[in-house]
Amino acid sequence: MAGLETFEVGPCEEAYEMGYLVGQSFSHLIRSRVDSDLILRHQLLPFARSPEAQSLIQSLSTANREMFPRYWDELSGMADGSGVSALQLVLLNFRKEILPFLPKTAAVQESPVTGDDDCSDVLVVNKAMAIAAHNEDANVALVGHTYLIKATLPGRLSFTAYTYAGELPSCAFGFNSYGMAYTLNSVPPIQDEIFAGGIGRNFISRSLLEATDIDDAMSRIRSCNVSVGHSYNLVDVRGRKIMNVETASRKRISVREVGSTPFFHANMYMHLQVEQVQDENSICRHKRAAQLSAHSEAEILSILGDTDNEKYPIYMSGPTLYTLCTALIDLDKQTLSIIEGTQRMEEFHIYSKCTRKLWVTKKNPV
C-alpha cells in the first residue's frame, strides 16, 4: 500500500471553495465511508428522521455556524463537492454530540457497533527528548477512509491534517506553519455532564489548525462552550512545550504541562474533575502503559505497539476498533512522522512556511 492520499489545496478566496475542492478530490472516499459506516446508517440517520432529533440538530448547527461561519461554509462546500447530502456530513461531524441523546432502545443497546473511538498518547519533555506520540484509533468504518489535507490559507498560514473522510480537518492530529501541532483523545463524560447543542469538537479542532501559538490555542479552546468534553495535547515546537488540556461542558477546563515524567493518556479524564463513564478499555491500557519504560523513542513506540492484553490492547487490530496509524511528533527534530504498522509512511518538517514531505515508504505487513 502506498502512502496516504494527499491533497494540496489553496489559497482559496472563500472557505466554501476549499471545502468544495476537498470534497471533489475525495468524493470516492467520502461516498464509500457514508455507505459503509454502520453507526451513521443504523443509528444517526434513523434518529435524524425522528421529531425529537430536529431541535438537537438545529441547535448544534446554529451554534457552530454562528461561532465558526468559515468552517460551516467549508463543510457545506465539502458536501456539494462530494455529492453527499449535507445532513449526512453534519451527522458525521456531530456524531459525538448526537449519539449520547439517542433513545436507549433495545436495538441501539444490542447494536454490534458503537460510537466509541479510542486513542492513546505518550507525552514527555526532558533534557534528552521532547516527544508526543499518538495512536489514532477508530471504528472499523474508518479503515481506508482517511487522507491528508495540506492547505494554504490566504496570508502566511498553511497546515497539514490527518483527516477522516467527510469530516473537517482534523479530529485526529495535525500541525501548522507556525510550529503548532496537536493530537486528540476522546473522553467519556456521563450524559448529565453533556450540554445539548453546544460547540462541536470537530469545529474546535479545525480552529486549532490556525492557532499562532500555544496561548492562542488555549484561547480558542477556552472560548467555546463545548457540548461533549475532549482532551487536547497541544504541541509548541518553538517553545519546546507540550500541554494536556481536558475540557467539559460549561467551559470547564484543566491544564497540565508535560514534563520529564512520561505522561500516558487514553480515554479517561486524568485531572479535570468530571463524572465519567468507567471505560474498562482505557483502564486496562493505562495499567499496561504503567508497567512499561518510556526512556527513549523506541520504548515509547513499543508502548503504543503493545498487544499484551488480548481483550484491550494498546495497539488495536479489530474487530471493532483499529489503530489506523501512529503519529510521532519530535519537537527537537521538528518533524511529524506517520507510521502504519511498523513502517514510517510519511514524515513532515513542521516548523516551516511549507509542509515539506521528507519521505514516503511502502507499508509492510505487521
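Residues numbered from 1 in each chain as written. Predicted model: local features only at pLDDT ≥ 70, side-chain atom pairs only at ≥ 80, totals over all residues. Heavy atoms only, no water.

### Quick look at the UniProt feature "domain: Peptidase C45 hydrolase" (unreviewed entry) in the chain
Now for step 1: The UniProt entry lists residues 129–343 under the feature "domain: Peptidase C45 hydrolase" (unreviewed entry), expressed in the numbering used here.
Now for step 2: The span residues 129–343 is 17% helix and 35% strand, and its two end C-alpha atoms sit 21 Å from each other. (UniProt positions renumbered as here; feature names shortened; annotations may be inferred. Helix = DSSP H or I, 4+ residues; strand = E, 2+ residues; numbered from the N terminus.)

### Brief notes about the pairing of strand β8 (residues 230–236)
Now for step 1: Among the seven residues in β8, seven count as buried, and that is most of the element.
Now for step 2: Burial of β8 is two-sided: the residues H230, Y232, L234 and D236 facing one way and the residues S231, N233 and V235 facing the other way are all buried.
Now for step 3: Two strands pair when backbone bridges link them, and strand β7 (residues 180–186) and β8 are joined in this way by seven bridges, in the antiparallel orientation. Residue pairing in the sheet places Y182 in a bridge with L234 of β8.
Now for step 4: Once β8 ends, the chain turns through four residues before running back antiparallel as strand β9 (residues 241–248), passing R240 with a positive phi of about 50°. (Buried < 20%, exposed > 50% of the residue type's maximum accessible area, 1.4 Å probe, protein only. Pairing = 2+ DSSP bridges.)

### Thoughts on the environment of A63
Now for step 1: Mapped onto the secondary structure, A63 falls in helix α4 (residues 51–67).
Now for step 2: Since its relative accessible area comes to 22%, A63 is described here as partly exposed.
Now for step 3: Sequence separation of A63 and L331 is 268 residues, and the distance between their C-alpha atoms is 35 Å.
Now for step 4: If we ignore the near neighbours within four places in the chain, the residues touching A63 are G197, G198 and I199. (Contact = heavy atoms within 4.5 Å.)

### Some details on the nonpolar core
Now for step 1: Core analysis: the largest hydrophobic core is formed by 63 residues, its most contacted members being I98 and L234.
Now for step 2: With near-sequence residues (within four places) excluded, L234 lies in contact with A181, Y182, L208, I214, A217, M218, I221, K241, I242, M243 and V245. (Core = buried A, V, L, I, M, F, W, Y, C linked by side-chain atoms within 4.5 Å.)

### A look at the packing of aromatic side chains
Now for step 1: One pass over the full model with this rule turns up ten aromatic pairs.
Now for step 2: Ring centres of F26 and Y147 lie 3.6 Å apart, and the angle between their planes is 5°; this geometry places the pair in the stacked category. Highlighted residues: F26 in the loop between α1 (15–25) and α2 (27–36) and Y147 in strand β4 (residues 146–152), separated in sequence by 121 residues.
Now for step 3: Look at F26 and you get buried, because its relative accessible area is 1%.
Now for step 4: For Y147, a relative accessible area of 0% puts it in the buried group.
Now for step 5: An aromatic cluster of at least three residues, connected via ring pairs, comprises F68, Y71, W72, F94 and F203.
Now for step 6: Across from the ring centre of W72, 5.4 Å away, lies the NZ or CZ of R65, which sits over that ring. (Phe/Tyr/Trp six-rings, centres within 6.5 Å; stacked < 30°, edge-to-face > 60°. Lys NZ or Arg CZ within 6 Å of the ring centre and 35° of its normal.)

### What to know about α2
Now for step 1: All of the buried residues along α2 are L29, I30, R33 and V34. Looking down the long axis of α2, one finds its buried residues gathered within 135° of arc, a one-sided arrangement. (Arc of directions from axis to C-beta.)

### Section: the packing of helix α5 (residues 69–82) against helix α6 (residues 86–93)
Now for step 1: Closest axis-to-axis distance for the α5/α6 pair is 9 Å, and the angle between their directions is 130°. By the angle between their axes, α5 is oblique relative to α6. Here α5 and α6 pass one another in a crossing that is right-handed. Contact residues: α5 offers W72, L75, M78, A79 and S82, while α6 offers A86, L89, V90 and N93.
Now for step 2: Its residues assigned to classes, the contact of α5 with α6 comprises seven nonpolar, two polar and no charged. (Axes fitted to C-alpha atoms, helices over the stretch in contact; angles between N-to-C directions. Parallel < 35°, antiparallel > 145°, perpendicular 65-115°, else oblique. Left-handed = near helix turned anticlockwise from the far one by under 90°. Nonpolar A, V, L, I, M, F, W, Y, C, P; charged D, E, K, R; others polar.)

### Some words on unusual backbone geometry
Now for step 1: Cis geometry marks the peptide bond from G10 to P11, where omega comes out at 0°.
Now for step 2: With a phi close to 55°, K251 is a non-glycine residue in the positive phi region.
Now for step 3: Within the element layout of this structure, K251 appears in the loop between β9 and β10 (252–257).
Now for step 4: Take K251: its relative accessible area is 49%, and that puts it in the partly exposed class.
Now for step 5: Phi is positive for Q334, close to 60°, though the residue is something other than glycine.
Now for step 6: Note on placement: Q334 falls in the loop between β12 (321–330) and β13 (335–340).

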